[in-house]
Amino acid sequence: QDCNYFENRIIPDNFPALNYAAKSSKAPYSIPKGPDVIITKIAVNGNSVTVESVASDNAFAATSLPTSQQSVSNIRYFVDFHPYDRQDGAGQSGTVFTGRSVTIDISDLVAGRHSVYF
């Protein structure tokens, strides 16, 4: 196929699956069981970032097994470090209650690009 088709159809249609597979490769027997963050809204306002997230244990479940029907009450977030790579004292972390928002103070971060992991 031509580049335009690849960039506008193939990548958007397949990137979520590839991203999920990459995430799951760290712990293939536990991560695919969920829960998954399915909606994230982020708004920057001066020295703070407001994050709202929704997580689901059954949004991507192939069956209705009891283990895929659990409710999710909160989501942990991590600023500038992946939770698997955490070292004591590294970065910020906290909790977002699913369906609600949390405001993160970013006044201590240097200017530039930063990552928030859930």
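On a predicted model such as this, the values are computed, not experimentally measured, just so you know. (Residues numbered from 1 in each chain as written. Predicted model: local features only at pLDDT ≥ 70, side-chain atom pairs only at ≥ 80, totals over all residues. Heavy atoms only, no water.)

Caption draft 1: Highlighting the overall build of the protein chain. Along the backbone of the protein chain there are 1 helix and 6 strands. Listed by position from the N terminus, the elements making up the protein chain come as α-β-β-β-β-β-β. Each of the 118 residues in the protein chain was classed as buried or not, and the buried ones make up 19%. Taking all contacts inside the protein chain whose residues are at least 6 apart in sequence as the whole, residues at least 24 apart take part in 45%. (Helix = DSSP H or I, 4+ residues; strand = E, 2+ residues; numbered from the N terminus. Buried < 20%, exposed > 50% of the residue type's maximum accessible area, 1.4 Å probe, protein only. Contact = heavy atoms within 4.5 Å.)

Caption draft 2: Region of interest: the packing of aromatic side chains. The tally for this structure, following the rule as stated, stands at 1 aromatic pair. Judged by centre distance (5.5 Å) and plane angle (75 degrees), the ring pair of Phe78 and Phe81 falls under edge-to-face. Here Phe81 falls in the buried class, since its relative accessible area comes to 7%. (Phe/Tyr/Trp six-rings, centres within 6.5 Å; stacked < 30°, edge-to-face > 60°.)

Caption draft 3: Representation of the pairing of strand β1 (residues 36–45) within the structure. Of the strand pairs in this sheet, β1 and strand β2 (residues 48–56) are connected by 9 bridges, and their pairing is antiparallel. Bridge pairing links Ile39 to Val54 in β2. In this antiparallel pair of consecutive strands, β1 and β2, the connection spans 2 residues, and Gly46 shows a positive phi of 65 degrees. (Pairing = 2+ DSSP bridges.)

Caption draft 4: Fine view of the pairing of strand β5 (residues 101–105). Where burial is concerned, the two faces of β5 differ: the one with Val102 and Ile104 is buried and the one with Ser101, Thr103 and Asp105 is not. The pairing of β2 with β5 spans 5 bridges and is antiparallel. By the bridge assignment for β5, Glu52 is matched with Ser101.

Caption draft 5: Examining the confidence of the model for the protein chain more closely. Here the protein chain averages 77 in pLDDT, and 75% of its residues register 70 or above. Across the protein chain, helix α1 (residues 3–24) holds the top mean pLDDT of 85, while strand β4 (residues 92–97) sits lowest at 68. (pLDDT = per-residue confidence, 0-100.)

Caption draft 6: Region of interest: the sheet that holds β2. Taken together, the 3 strands give an open sheet; going across it, the order is β1-β2-β5, and neighbouring strands pair in antiparallel fashion. Each having just a single partner strand, β1 and β5 make up the two edges of the open sheet. The mean inter-strand angle of the sheet, taken between neighbouring strand axes irrespective of direction, is 25 degrees. (Axes fitted to C-alpha atoms, helices over the stretch in contact; angles between N-to-C directions.)

Caption draft 7: Region of interest: the nonpolar core. Counting residues in hydrophobic clusters, the biggest one holds 7 residues: Val49, Val51, Tyr77, Val79, Val102, Ile104 and Ile106. Contributing elements (two or more residues each) for this core: β2, β3 (74–79) and β5. When residues no more than four places from it in sequence are discounted, the contact partners of Val49 are Ile42, Ala43, Val44, Val102, Thr103, Ile104 and Ile106. (Core = buried A, V, L, I, M, F, W, Y, C linked by side-chain atoms within 4.5 Å.)

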